[in-house]
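If you want the building blocks of each chain, they are given just below.
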Amino acid sequence: MLRAYETLCAVCTLRHGRLLDAAHIIGDRAEGGEPVVPNGLSMCKIHHAAFDTNLLGISPDYRVQIDGDLLAETDGPMLLHGLQEMHGRLLTLPSRHRDQPDLARLEQRWAAFGQVG
Ligand SMILES: [Zn+2]
């Protein structure tokens, strides 16, 4: 799955392979949560964890949204550069259409983010 993304984080474009994960848009226990390319996003460890905990959402037009409470926090450089500055950024996606994340899955996941955030 990661190969489709030429091993970079879709959020921040970090390229260091050992810091990258294949994140599932829909969790593997839910319907639609199969480990297939359209259910995946390549993400670095911090963005994967933020996505899984709904501190970071992906809108169906492929923009990064950071949780409002997190945006209001003050902390060190990881919060500022690694998370807050990602707000509104466009995802970096694979060029081949078949490797891109499935819009229906993104919309489903986005609805869940909206309820929390
Ligand atoms: Zn990242």
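These numbers come from a predicted model, not from an experiment.

1. Remarks on the nonpolar core
The nonpolar side chains of a soluble globular protein tend to be buried with one another.
In step 1: If you look at the biggest cluster of nonpolar residues, it comprises 22 residues, and the most contacted ones within it are Val11, Leu41, Met43, Leu56, Ile58, Val64 and Leu91.
In step 2: Of all elements in the fold, only β1 (20-24), β2 (40-44), α1 (45-52), β3 (56-58), β4 (64-66) and α3 (77-83) reach the threshold of two or more residues within this core.
In step 3: With three residues, the top contributor of residues to this core is β2.
In step 4: In this structure Leu56 touches Val11, His47, Ala50, Phe51, Val64, Gln65, Ile66 and Phe113, once residues within four positions along its chain are discounted.

2. What about unusual backbone geometry?
In step 1: Of note, Asn54 is a non-glycine position whose phi angle comes to about 60°, a positive value.
In step 2: Under the relative-accessibility criterion, Asn54 is labelled buried at 16%.
In step 3: Phi is positive for Tyr62, close to 65°, though the residue is something other than glycine.
In step 4: Mapped onto the secondary structure, Tyr62 falls in the loop between β3 and β4.

3. Quick look at the coordination of the zinc ion
In step 1: Bound to the zinc ion are the protein donor atoms Cys9 (SG), Cys12 (SG), Cys44 (SG) and His47 (ND1), situated 2.1 to 2.3 Å from the metal.
In step 2: One can describe the donor arrangement at the zinc ion as tetrahedral, given that its four donor atoms subtend angles of 94 to 118° at the metal.
In step 3: Within one chain, the residues serving as donors to the zinc ion are arranged as C-x2-C-x31-C-x2-H. Taken together, the residues Cys12 in the segment before β1 and His47 in helix α1 connect sequence positions 35 residues apart.

4. Details of the pattern of salt bridges
Here the idea is simple: oppositely charged side chains can pair when their charged atoms come close.
In step 1: Under the defined criterion, the tally for this structure stands at four salt bridges.
In step 2: Note that Arg105 and Glu34 form a salt bridge whose closest N and O atoms lie 3.1 Å from each other. Taken as a pair, Arg105 in helix α4 (residues 103-116) and Glu34 in the loop between β1 and β2 lie far apart in primary sequence, 71 residues in all.
In step 3: We classify Arg105 as buried; its relative accessible area is 13%.
In step 4: Owing to a relative accessible area of 40%, Glu34 belongs among the partly exposed residues under this scheme.
In step 5: In this structure, Asp102 engages Arg105 in a salt bridge whose closest nitrogen and oxygen atoms are separated by 3.4 Å.
In step 6: Residue class for Asp102 comes out partly exposed when judged on its relative accessible area of 27%.

5. Things to note about the environment of His48
In step 1: Relative to the helices and strands, His48 is located in helix α1.
In step 2: For the pair His48 and Asp102, spaced 54 residues apart in the sequence, the C-alpha separation amounts to 17 Å.
In step 3: Sequence-distant contacts of His48, defined by excluding residues within four places in its chain, comprise Asp21, Ala22, Ala23 and Met43.

Rules and cut-offs
- Residues numbered from 1 in each chain as written.
- Predicted model: local features only at pLDDT ≥ 70, side-chain atom pairs only at ≥ 80, totals over all residues.
- Heavy atoms only, no water.
- Core = buried A, V, L, I, M, F, W, Y, C linked by side-chain atoms within 4.5 Å.
- Buried < 20%, exposed > 50% of the residue type's maximum accessible area, 1.4 Å probe, protein only.
- Helix = DSSP H or I, 4+ residues; strand = E, 2+ residues; numbered from the N terminus.
- Contact = heavy atoms within 4.5 Å.
- Donors = N, O, S within 2.8 Å, 3.2 Å for Na, K, Ca; no water.
- Tetrahedral: all angles 85-135°; square planar, octahedral: opposite > 155°, others 65-115°.
- Salt bridge = Lys/Arg side-chain N within 4 Å of Asp/Glu carboxyl O.

These results come straight from atomic positions and should not be treated as a statement about function.
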